[in-house]
Amino acid sequence: MSDASVIPIREDRAKSAWIDEKGYFDLYERSIKDPDGFWAEHGKRIDWIKPYSKVKDISFDRNNLHIRWFEDGTLNVAANCIDRHLAKRRDQVAIIWEGDDPSEHKNITYGQLHEEVCRFANVLKAQGVKKGDRVTIYLPMIPEAAYAMLACARIGAIHSVVFGGFSPDALAGRIVDCDSTVVVTSDEGLRGGRKVPLKANTDEALKKCPGVKSVVVVKRTGGKIDWADGRDVWYHEAASKVPADCPPEEMKAEDPLFILYTSGSTGSPKGVLHTSGGYLVYTSMTHQYVFDYHEGDIYWCTADVGWVTGHSYIVYGPLANGATTLMFEGVPNYPDGSRFWQVVDKHKVNTFYTAPTAIRALMRDGEEPVKKTNRKSLRLLGSVGEPINPEAWLWYYRVVGDEKSPIVDTWWQTETGGILISPLPGATPLKPGSATRPFFGVLPVLVDHEGNELKGATEGNLCIADSWPGQMRTVYGDHQRFIDTYFSTFLGYYFTGDGARRDEDGYYWITGRVDDVINVSGHRMGTAEVESALVAHPKVAEAAVVGYPHDIKGQGIYAYVTLTAGEEPTEALRKELVQWVRKEIGPIASPDLIQWAPGLPKTRSGKIMRRILRKIAANEYDALGDTSTLADPGVVNDLIENRMNRA
Ligand code: 6R9
């Protein structure tokens, strides 16, 4: 690798890391040649109640699809994240909580975590929650979010965490889909000094959820809320009445651990289901190797627990490894643009893991807010959620990391449970913008549109040829949708929905989604979801939504809207539609640009030609390609003339 843009492995890193470059190649080869032997050995990194004798039972054949790992073993995930550390780490900090307001922080030791989780588990039991029941968690970034998740794991209930930024409607849909009987929320959340009305949103959502019997309310701000007697329970009151110990439930490896809803290219969000044994093996192992986690490290992932990154790399992976994990309630620019680095200095953070959108937003404010902090504790930087452009990568590396900390650009998905492609700090020379090489046991392949595997340096659709223990097992309540979405486009492979390029060194460069999913600030949005929200408005006849390049967010949301006959396109209506989508889905789905479209480009069979809409939204209207199949070529000229993005 002689390319000038390659950043070589630092020698001190290769020496101190779990694995160096030769070690990586050896272990990777072993993991691919003998997956059973490899995972039989590494499955032992967690504690099993009954050890497994079977390791891997997999078929990616869509007519006989099954994915089972460590099938006959039993364990408890919460006991692995807490109890097994108590002998050695009772007084070690498990969670550092940093509040939205810089004057607030809290350290929670493993001993305290044990008590908190047990009490939470007993409160859930007192609400009638049993093994296999679904519990929806709609909380801000407070320690109780982790307690509630681990409490579910402790008693064998399945949690479904819903991001606090989602609207009442979005929350209701997720509660109903998995039929939760209990919702855990808080009076309000606090972000950037602003209050988020979580309890009020829950009250609104529950009008559509007759199955919910109780709402456990954690007091965060003490703000005024409505109260439904007989349904609502204050967490602190219930917790004072239950014992501080709760025995962990013995679970099978393939018993469900959680459901997490994610957007796809069609229909409503899917309930991605993860199970217990394989997920914990995989998240703890990737956390150790990718973040080169060592005893005593202070580790900070800035994600929200409402996303998979928060599940795997704030809660389960780090805690399974007995790490100290930092949980941050606030936002990067409050009280000012130095906040991330002030928190790094305050808690002596060694590993910092965030999203490119945050880096790009901070980059816009220049170096000064970073440079006025010292960041001496930092040893490793991470990126996740979307492709990181080389410019942002280099800024992160140079300005934040002072060219001392490697950057791990980790590619993975809600569906994959854990990181699949990423550098390892002591083993991988870095290339800005590349997620580099696969993790152990991961077999990426690039295929053309017909599903033929492409070899060597090339570009194609990114698939994975064999299973890894952290893989999702099904779409909750709809196994056929699981098969159709991931195993039916390219037969015999798991299809990721992403495109990628592989260079001559075998490095992967993720190019982004190849389906109708857009990635806005690292959050996945299905264009179909935004469209159906728009057409639900009485003045909208038709809508087509595409992504377009956005400096900070990565992609912005561009909506083409056709109004019902007789409606006037006004600025007021444009604002109203943006508000409408915020209310229907949540602020993350707000359209950035809305173009009035008297007509949409369609084929003669009535299919919207999104390719054309994407080009116009990207301001690349002079390269529309073949438009000869359009039913009415005239509509395109109107769309070009009135395009909203002239950047
Ligand atoms: C973990 C997470 C998954 C989608 C994925 C891809 C994009 C995530 C990336 C990345 C390029 C990276 N993505 N990490 N693209 N480089 N390092 O983000 O899960 O919310 O399900 O999103 O995000 O497009 O398919 P999720």
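All of these numbers come straight from a predicted model, not from anything done at the bench. (Residues numbered from 1 in each chain as written. Predicted model: local features only at pLDDT ≥ 70, side-chain atom pairs only at ≥ 80, totals over all residues. Heavy atoms only, no water.)

**Quick look at unusual backbone geometry**
Note the cis peptide between Tyr-334 and Pro-335, where omega equals -5°. Locating Pro-335 in the fold gives a position in the loop between β17 (324-328) and α13 (339-347). A positive phi angle, near 50°, is found at Phe-70, a position not held by glycine. Residue position: Phe-70 is located in the loop between β2 (66-69) and β3 (74-75). The exposure class of Phe-70 is buried, given its relative accessible area of 0%. (Helix = DSSP H or I, 4+ residues; strand = E, 2+ residues; numbered from the N terminus. Buried < 20%, exposed > 50% of the residue type's maximum accessible area, 1.4 Å probe, protein only.)

**Focus: the site of the ligand**
Taken together, 17 residues sit near the ligand, with Asp-409, Thr-410, Thr-414, Asp-498 and Arg-524 positioned nearest. Asp-409 places a polar side-chain atom, nitrogen or oxygen, 2.7 Å from a nitrogen atom of the ligand. Arg-524 has a polar side-chain atom sitting 2.8 Å from an oxygen atom of the ligand. Burial of the ligand by the protein chains amounts to 96% of its free accessible area of 530 Å². Considered class by class, the residues forming the shell around the ligand number 6 nonpolar, 6 polar and 5 charged. (Near = heavy atom within 4 Å. Polar contact = N/O pair within 3.5 Å; in protein donor to acceptor, adjacent residues only side chain to side chain. Areas by Shrake-Rupley, 256 points an atom, 1.4 Å probe, with all protein chains shown as cover. Nonpolar A, V, L, I, M, F, W, Y, C, P; charged D, E, K, R; others polar.)

**What to know about the pattern of salt bridges**
Side chains that differ in sign of charge can pair as their charged atoms come close. Inspection of every chain in the model, using the stated rule, returns 42 salt bridges. Taking the shortest distance from any N to any O, the salt bridge between Lys-199 and Asp-232 comes out at 2.8 Å. Of the two residues, Lys-199 is situated in helix α9 (residues 198-206) and Asp-232 in strand β12 (residues 232-234); the sequence distance between them amounts to 33 residues. Looking at Lys-199, the relative accessible area reads 0%, which means it is buried. For Glu-415, the salt bridge identified is with Arg-524, shortest N-O distance 2.9 Å. One end of the pair, Glu-415, is in the loop between β20 (407-410) and β21 (444-447); the other, Arg-524, is in strand β28 (residues 523-526), with 109 residues separating them in the sequence. An identical accessibility class is assigned to Glu-415 and Arg-524; each is buried. (Salt bridge = Lys/Arg side-chain N within 4 Å of Asp/Glu carboxyl O.)

**A look at the domain arrangement of the protein**
Once the domains are mapped, the protein shows domain 1 (1-514) and domain 2 (521-642). Here the C-alpha centre of domain 2 lies 32 Å away from the C-alpha centre of domain 1. Between domain 1 and domain 2, the contact holds 24 residues from the first and 19 residues from the second. Inspection of the region where domain 1 meets domain 2 yields 1 salt bridge. Among the elements that line the side of domain 1 that touches domain 2, the one with the most residues is helix α14 (residues 356-364), at 4 residues. Residues that form the side of domain 1 that touches domain 2 fall into these classes: 6 nonpolar, 12 polar and 6 charged. (Domains from an automatic or database assignment. Contact = heavy atoms within 4.5 Å.)

**Focus: the packing of helix α20 (residues 610-617) against helix α21 (residues 634-641)**
Where α20 meets α21, the closest approach of the two axes is 10 Å, and the angle between their N-to-C directions is 25°. Relative to α21, the element α20 lies roughly parallel. Between α20 and α21 the crossing geometry is right-handed. In this structure, α20 uses Ile-612, Leu-613 and Ile-616 to contact α21, whose residues at the interface are Val-636, Leu-639 and Ile-640. Looking at the contact of α20 with α21 residue by residue, the classes come out as 6 nonpolar, no polar and no charged. (Axes fitted to C-alpha atoms, helices over the stretch in contact; angles between N-to-C directions. Parallel < 35°, antiparallel > 145°, perpendicular 65-115°, else oblique. Left-handed = near helix turned anticlockwise from the far one by under 90°.)

**Some words on the sheet that holds strand β19 (residues 380-384)**
Ordered in space as β5-β4-β17-β16-β18-β19-β20, the 7 strands form an open sheet in which the pairing is mixed. Looking along the sheet, the strands with just one partner apiece sit at the ends: β5 (105-109) and β20. The average angle at which neighbouring strand axes cross in this sheet is 20°, direction not considered. Bridge analysis of strand β4 (residues 93-98) against β17 gives 4 bridges, and the strand direction is parallel. When the sheet's bridge partners are listed, Ile-95 is paired in β17 with Thr-325. Together, β4 and β5 form the strand contacts of helix α6 (residues 110-126), whose direction differs from that of β5 by roughly 90°. (Pairing = 2+ DSSP bridges.)

**Some words on the pairing of strand β6 (residues 134-138)**
Along β6, 5 of the 5 residues are buried, which leaves the element largely enclosed by surrounding structure. Burial along β6 is two-sided: Arg-134, Thr-136 and Tyr-138 and Val-135 and Ile-137, pointing in opposite directions, are all buried. Two elements, β6 and strand β7 (residues 158-161), share 4 bridges in a ladder whose sense is parallel. Across the sheet, Thr-136 pairs through a bridge with Ser-160, a residue of β7. The pairing of β6 with strand β8 (residues 182-186) spans 4 bridges and is parallel. Looking at the pairing, Ile-137 lines up with Val-184 of β8.

**Describing the pairing of strand β26 (residues 508-513)**
Bridge analysis of strand β25 (residues 494-502) against β26 gives 5 bridges, and the strand direction is antiparallel. Bridging from a neighbouring strand, Arg-501 pairs with Trp-509 of β26. Here β25 folds back onto β26 in antiparallel fashion, the turn holding 5 residues, of which Gly-506 has a positive phi close to 80°.

**Let's talk about the UniProt feature "binding site: ATP" (unreviewed entry) in the protein**
As recorded in UniProt, the feature "binding site: ATP" (unreviewed entry) lies at Gly-385, Glu-386, Pro-387, Asp-409, Thr-410, Trp-411, Trp-412, Gln-413, Thr-414, Asp-498, Arg-513 and Arg-524. Inspection of the secondary structure assignment puts Gly-385 in the loop between β19 and α16 (390-400). By relative accessible area, which is 36% here, Gly-385 ends up partly exposed. Beyond its immediate sequence surroundings of up to four residues, Gly-385 is in contact with Asn-519 and Gly-522. Relative to the helices and strands, Trp-412 resides in the loop between β20 and β21. When residues no more than four places from it in sequence are discounted, the contact partners of Trp-412 are Val-308, Thr-309, Ser-312, Tyr-313, Tyr-353, Val-384, Gly-417, Gly-418, Ile-419 and Leu-420. Here the side chain of Trp-412 touches Tyr-353 through a polar contact of 3.2 Å, side chain to side chain. (UniProt positions renumbered as here; feature names shortened; annotations may be inferred.)

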